[in-house]
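# Commentary on secondary and tertiary structure
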Amino acid sequence: MRPEDALTHARRLAGEHAATTIPPGGLEVERSDQPSDDQLVQWAVIEPDLREVRSTRPGPVGKAVTAVKQGQLRLLGQYHAQVQSVQNRLNVHLSLRSTLMREELQAMKAEIRFLRGRVEELEGRAGIVPPPEPGHGAQTFGDPLPEAPTPVNPEPGEPSDPFGVADLSDGPEGPR
Amino acid sequence: MSLVVHQVIGGAGPYDAITNQALRFRRLFDRWGWGGTDAAVHIDPRMTSKFVPMRSLVPHPDEVIFTQYSAYTPGLRDLLEDHGRSLVLCQNITPPEWFWQYDPLTALQCYLGRRDAERVMGAATVPAGASRYTAEEFGADTVIPILFEAERYGRRGELREPAPAGGEVLFVGRLCPHKRHDSLVRAVALLRARHRPDATLRIIGEPVNDHYGAMVQELGERLLGDAFTWERGLTQEELADRYRGADALCCMSEHEGFCVPILEAFHYGLPVVGRPSGGVAEVAGDAALLTADEDLGVVAALLDTVLGDRELRAELLERGRRRLVAYDETTTAGALRTAIERVVAVADAH
């Protein structure tokens, strides 16, 4: 067979055997634009693998150096635990804030979309022609209104605006 | 023309491909009677005799800076912008989206590397890429291929006859998400289930981290059992033995700037099956069986076809030999010398 004919042959062969499959599950690589919030929280808690503290030298010298390093780690174990706990406290706090901030922003964007729709509807009813927004095409009145956003209600006892961004929820500034 | 060419790389380590290529380039410069120093930002203690810190490099305006750019290199852009004669050879920088979920630090390095690449290439007198694909990706018009020194790989391989129901599929490369070892394992599992129950898979390479390596291993053992082998830390001789003992190379990678294992497979007489991603199609030319089909059954069927058809393997071996001629050492040496001389010509013209 010529190499040029192999792919056609393989496609036909794959079609003939399509009924024979393999078990699902296991690693299936996925791309992502950024780490998820769950990952950030997981990574925030640092857990260095102390078995990785070793010499890069081969042979008996390396073994001896590894033993010295591991011994020092054991001696300093209590101190390292203290340092880790301080670092973990900051990491967890930052990752949690990042997650909450993202949720707040999503809720705010939804609220802005809802309010913008309401304004357009009222302007349409009143016969007001809004000035064109920079970078936006003409608005079409009569489009279905967006659904109301799910309100983000603080738990009882929590501050209503932990990040001081409530003033932004009135929508974007600028002429309409 | 006698020149002084200083090489700058990000990190110099004993098992690093860029480092080894820089050392081989230096031997070429020595052969041409050119002087210069090799410098790096991060230097492994085992390489201190061969590389000096980049910050200690103070090039004369007439001297040329040649850098292989493969990762974010602090201070490099400033060095290039302050100097009027530079050649930047951009190697592959994997898009970060392959790494965010599996190795965020590598993802960050890739992100910064790709973000800074445009400015580093912009600061070069002559920007170049290791393949046409990489050159175009980073806005260069010059190609300087990887230096493939066939003599380093020992004797060439000959046409082999795989077992009727078997055959060993090989892949060599770091265990990184974009290399898609998961697809490779599944393709070989389909090969065994549908066509060749005794086929085996051997993968060779260091993992991006232990956790990712464990996930690949778990998948391999679950779908292939004893037919799956993962090896790492092999010597050049051991690697050559693995190539000589294999029946086909399968590369399912979805992002490759060049893919040296394809040339290695050609050297050892292995047929190549895989994805036409990045620089793979360019390097393999017409000497490999490449498919972008999502259905891994097509990859399995290609493997079965190439393992069972002696005439096809012979033709691919012959074409692979021709690809090696296209990428032999003299080609790269000539392209490198021409590019450096162009740096001087462009600088002199200004």
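Predicted model, so just to flag it, every value in this text is computed and none were measured.

### Brief notes about the interface of chain B and chain A
Interface size is commonly expressed as the accessible area that is lost once the parts come together. Listed by partner, the interface residues are 42 residues for chain B and 33 residues for chain A. Between chain B and chain A the total buried area reaches about 3100 Å² when both faces are included, carbon and sulfur atoms providing 58% of it. Interface area lost by chain B to chain A is led by B:Trp100, B:Gln101 and B:Arg194, which between them contribute 19%. Linking chain B with chain A are three salt bridges, by the criterion used here. We note a salt bridge from A:Glu4 to B:Arg319, for which the minimum N-O separation is 2.7 Å. Linking chain B with chain A are 14 residue pairs in polar contact (both at pLDDT 80 or more), by the criterion used here. Ranked by the residues each element gives to the side of chain B that touches chain A, the list is headed by helix α6 (residues 210-224) of chain B, at eight residues.

### Some remarks on the domain arrangement of chain B
Residue and element names in this part refer to chain B. Segmenting chain B into domains produces domain 1 (5-148 + 328-349) and domain 2 (151-325). Taking only C-alpha atoms into account, the centre of domain 1 sits 29 Å from that of domain 2. If you look at the interface, domain 1 gives 23 residues, while domain 2 gives 25 residues. Summed over both sides, the interface of domain 1 with domain 2 buries roughly 1900 Å², with 66% coming from carbon and sulfur. The largest share of the area that domain 1 buries against domain 2 comes from Trp98, Tyr102 and Phe148, three residues that together contribute 37% of it. On the surface where domain 1 and domain 2 come into contact, there are zero salt bridges. At the boundary of domain 1 and domain 2, one finds eight residue pairs in polar contact (both at pLDDT 80 or more). Elements with a contribution of two residues or more to the side of domain 1 that touches domain 2: α3 (104-123), α4 (132-137) and α12 (329-349). Broken down by element, the residue count for the side of domain 1 that touches domain 2 peaks at four residues, all from α4.

### As for the UniProt feature "domain: Glycosyl transferase family" (unreviewed entry) in chain B
As recorded in UniProt, the feature "domain: Glycosyl transferase family" (unreviewed entry) lies at residues 169-322 of chain B. In the segment residues 169-322 of chain B, helix accounts for 51% and strand for 14%; the C-alpha atoms at its two ends are 23 Å apart.

### Some words on the side chain of B:Lys179
Mapping B:Lys179 onto the fold places it in the loop between β8 (168-172) and α5 (181-194). Once residues within four sequence positions are removed from consideration, B:Lys179 is found in contact with B:Phe171, B:Arg174, B:Met252, B:Ser253 and B:Glu256.

### Observations concerning the packing of aromatic side chains
Given two aromatic rings, their pairing is described by the distance between the two centres and the angle made by the two planes. Residue and element names in this part refer to chain B. Summed over the entire model, instances satisfying the criterion amount to 10 aromatic pairs over all chains. An angle of 70° between the planes, with centres 5.5 Å apart, marks the rings of Tyr102 and Tyr212 as edge-to-face. Of this pair, Tyr102 sits in the loop between β5 (86-90) and α3 while Tyr212 sits in helix α6, placing them 110 residues apart in sequence. Tyr212 shares its class with Tyr102; the two are buried.

### As for the environment of B:Ala165
Residues and elements named next belong to chain B. Inspection of the secondary structure puts Ala165 in the loop between β7 (142-143) and β8. Taking the relative accessible area as the measure of exposure, Ala165 reaches 26% and is therefore partly exposed. Ala165 sits 34 residues away from Ala199 along the chain, and the two C-alpha atoms are 6.8 Å apart.

About the cut-offs
- Residues numbered from 1 in each chain as written.
- Chains lettered and ligands numbered in written order.
- Predicted model: local features only at pLDDT ≥ 70, side-chain atom pairs only at ≥ 80, totals over all residues.
- Heavy atoms only, no water.
- Contact = heavy atoms within 4.5 Å.
- Buried area = accessible area lost by both parts, 1.4 Å probe.
- Salt bridge = Lys/Arg side-chain N within 4 Å of Asp/Glu carboxyl O.
- Polar contact = N/O pair within 3.5 Å; in protein donor to acceptor, adjacent residues only side chain to side chain.
- Helix = DSSP H or I, 4+ residues; strand = E, 2+ residues; numbered from the N terminus.
- Domains from an automatic or database assignment.
- UniProt positions renumbered as here; feature names shortened; annotations may be inferred.
- Phe/Tyr/Trp six-rings, centres within 6.5 Å; stacked < 30°, edge-to-face > 60°.
- Buried < 20%, exposed > 50% of the residue type's maximum accessible area, 1.4 Å probe, protein only.

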